[in-house]
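Spelled out from the first residue to the last, the chains are:
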Protein chains: 2
Amino acid sequence: MKEIQHRSNCPISYSLDYLGDKWVLLILRDLIFTNKSTYGDFIASEEKIATNILADRLKLLEENGFIKSTVSAEKKNKFIYNLTEKGIDLIPVIMELMVWGSKYNPPGANNLIQELNKDKEGTIQNYKNRARTRMKTTPE
Amino acid sequence: MKEIQHRSNCPISYSLDYLGDKWVLLILRDLIFTNKSTYGDFIASEEKIATNILADRLKLLEENGFIKSTVSAEKKNKFIYNLTEKGIDLIPVIMELMVWGSKYNPPGANNLIQELNKDKEGTIQNYKNRARTRMKTTPE
DNA sequence: TAAATTTGCTTGTTATTTGCAAGTAAACAA
DNA sequence: TTGTTTACTTGCAAATAACAAGCAAATTTA
């Protein structure tokens with residue numbers, strides 16, 4: 001894995017050096033909003049990520065401390081990926097992508113948007129706590 | 001310009017079909033946080049976008065309604081790009097990218113982060129209003 | 001216990017995109 | 001009228017992505 005070269009010392013540019021890629025953010029989405037946590041789970045997602053790209057992005061995310069993998073308790077050839085605190089801190093970014101997407105892609109409205117409109121901070125906190133719980137409990 | 005194909009009906013995936021690209025978001029950053037508004041301004045940014053990529057992304061952003069170009073009042077061979085309401089609605093996304101980047105890229109801390117910590121909603125509203133004012137006033 | 005399956009990749013090939021350098025064209029300034 | 005500014009376009013090599021196939025360890029099934 002080649003090291004990421006930062007193009008400037010702008011914090012937005014810094015973030016984009018990791019996150020300016022659709023696939024990275026779709027993997028994070030799956031980790032935040034669904035119960036998906038394995039290679040096979042991510043491959044099964046609707047957007048059909050290629051196998052080599054998924055392997056590459058999981059490696060990048062783990063090497064840069066966004067996620068952490070552990071061997072599954074029940075199957076030794078299965079890896080469980082979970083968000084680290086660094087990854088959990090991206091939840092607000094992804095929430096805002098969802099808010100924007102729901103506004104401009106009409107069929108995408110849902111309960112979560114209503115919850116965010118009522119109490120954005122609280123909703124984000126709930127998802128952060130959910131991710132922390134997942135990280136701590138022994139995986140399936 | 002080829003039409004963007006949406007890979008699913010997930011609102012996050014929908015957003016990423018436009019925004020899952022570093023350069024698009026760096027152009028938006030310049031429009032939100034700086035007084036940059038022309039091709040030459042964006043070319044001069046620290047991250048050194050290639051000329052063909054900039055032309056391509058400006059076209060994509062305009063064709064998809066994120067920005068609007070007008071001919072400069074003073075020079076007819078100069079175009080001024082401004083955010084539309086659709087683009088202004090991305091300010092929260094970019095603010096969160098900045099918050100995350102500032103947290104994990106230590107030298108990036110600044111006044112804006114403090115302002116956001118004190119009053120996120122108000123700060124975002126200020127930048128939205130600033131963008132609307134720029135859109136309405138006759139450009140340089 | 002041997003064969004088939006699951007799981008998580010890697011490899012090879014082709015297509016697309018990027019990055020870089022150079023060129024173009026309209027507007028404007030000297 | 002010559003040079004400069006501004007905003008691109010074009011051509012090409014290199015990097016990246018998409019697709020298909022293959023592989024190997026662990027596990028299940030016969």
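These figures come from a predicted structure and were not determined experimentally.

Colleague: Is there a simple way to think about the pattern of salt bridges in this case?
Modeller: Any two side chains of opposite charge can pair if their charged atoms end up close together. Across all of its chains, the model carries 20 salt bridges over all chains by this definition. When the shortest N-O distance is used, the salt bridge between Asp 30 of chain A and Arg 29 of chain A registers 3.1 Å. Each member of the pair, Asp 30 of chain A as well as Arg 29 of chain A, carries the same accessibility label: buried. Between Lys 103 of chain B and Asp 89 of chain A there is a salt bridge; the shortest N-O distance is 2.9 Å.

Colleague: So what exactly am I meant to see when it comes to the protein's contact with DNA strand D here?
Modeller: Close to DNA strand D lie 20 residues; Arg 57 and Lys 76 of chain A together with Gly 40, Thr 51 and Tyr 81 of chain B are nearest. The contact atoms of DNA strand D, taken as those within 4 Å of the protein, divide so that sugar and phosphate hold 68%. Side-chain polar atom of Asn 77 of chain B to a base oxygen of DNA strand D: 3.4 Å apart, as the coordinates give it. At a separation of 2.7 Å, a phosphate oxygen of DNA strand D approaches a polar side-chain atom of Tyr 81 of chain B. Mapped by element, the contributors of at least two residues to the surface near DNA strand D are helix H4 (51–63) of chain A together with helix H3 (39–43), helix H4 (51–63) and strand S2 (79–83) of chain B.

Colleague: Sorry if this is basic, but what is going on with the nonpolar core here?
Modeller: One broad trend across soluble globular proteins is that nonpolar side chains are buried collectively. Counting 78 residues, the largest nonpolar core has Leu 19 and Leu 28 of chain A together with Leu 19, Leu 28 and Ile 67 of chain B as the members making the most contacts within it. Residues within four places of Leu 19 of chain B in sequence aside, it is in contact with Leu 97 of chain A together with Val 24, Leu 25, Leu 28, Phe 66 and Leu 90 of chain B.

Colleague: Sorry if this is basic, but what is going on with the interface of chain A and chain B here?
Modeller: Where interface size is quoted, it is often the accessible area lost as the parts come together. Counting residues at the interface gives 43 residues for chain A and 43 residues for chain B. Between the two partners, chain A and chain B, sit two salt bridges. Inspection of the region where chain A meets chain B yields 16 residue pairs in polar contact (both at pLDDT 80 or more). Broken down by secondary-structure element, the contributors of at least two residues to the side of chain A that touches chain B are helix H1 (11–19), helix H2 (22–33), helix H5 (85–88), helix H6 (91–104) and helix H8 (120–136) of chain A. Residues of the side of chain A that touches chain B, tallied by class, amount to 20 nonpolar, nine polar and 14 charged.

Colleague: Help me understand the protein's contact with DNA strand C in this model?
Modeller: Around DNA strand C, 21 residues are found, and the nearest of them are Tyr 39, Thr 51 and Tyr 81 of chain A together with Arg 57 and Lys 76 of chain B. Separating a phosphate oxygen of DNA strand C from a backbone N or O atom of Phe 79 of chain A is a distance of 3.3 Å. Taking Asn 52 of chain B, its side chain carries an N or O atom lying 3.0 Å from a base nitrogen of DNA strand C. Taken together, the elements giving at least two residues each to the surface near DNA strand C come down to helix H3 (39–43), H4 and strand S2 (79–83) of chain A together with H4 of chain B. Ranked by the residues each element gives to the surface near DNA strand C, the list is headed by H4 of chain B, at four residues.

Colleague: Please explain the side chain of Arg 57 of chain B as it appears in this structure.
Modeller: Residues and elements named next belong to chain B. Looking at where Arg 57 falls in the secondary structure, it is placed in helix H4. We classify Arg 57 as buried; its relative accessible area is 15%. Looking at Arg 57, its side chain comes within polar contact range of the side chain of Asp 21, at 2.9 Å. Those residues in contact with Arg 57 that lie beyond four places of it in its chain are Asp 21, Trp 23, Val 24 and Ile 27.

Criteria and thresholds
Residues numbered from 1 in each chain as written. Chains lettered and ligands numbered in written order. Predicted model: local features only at pLDDT ≥ 70, side-chain atom pairs only at ≥ 80, totals over all residues. Heavy atoms only, no water. Salt bridge = Lys/Arg side-chain N within 4 Å of Asp/Glu carboxyl O. Buried < 20%, exposed > 50% of the residue type's maximum accessible area, 1.4 Å probe, protein only. Near = heavy atom within 4 Å. Polar contact = N/O pair within 3.5 Å; in protein donor to acceptor, adjacent residues only side chain to side chain. Helix = DSSP H or I, 4+ residues; strand = E, 2+ residues; numbered from the N terminus. Core = buried A, V, L, I, M, F, W, Y, C linked by side-chain atoms within 4.5 Å. Contact = heavy atoms within 4.5 Å. Nonpolar A, V, L, I, M, F, W, Y, C, P; charged D, E, K, R; others polar.

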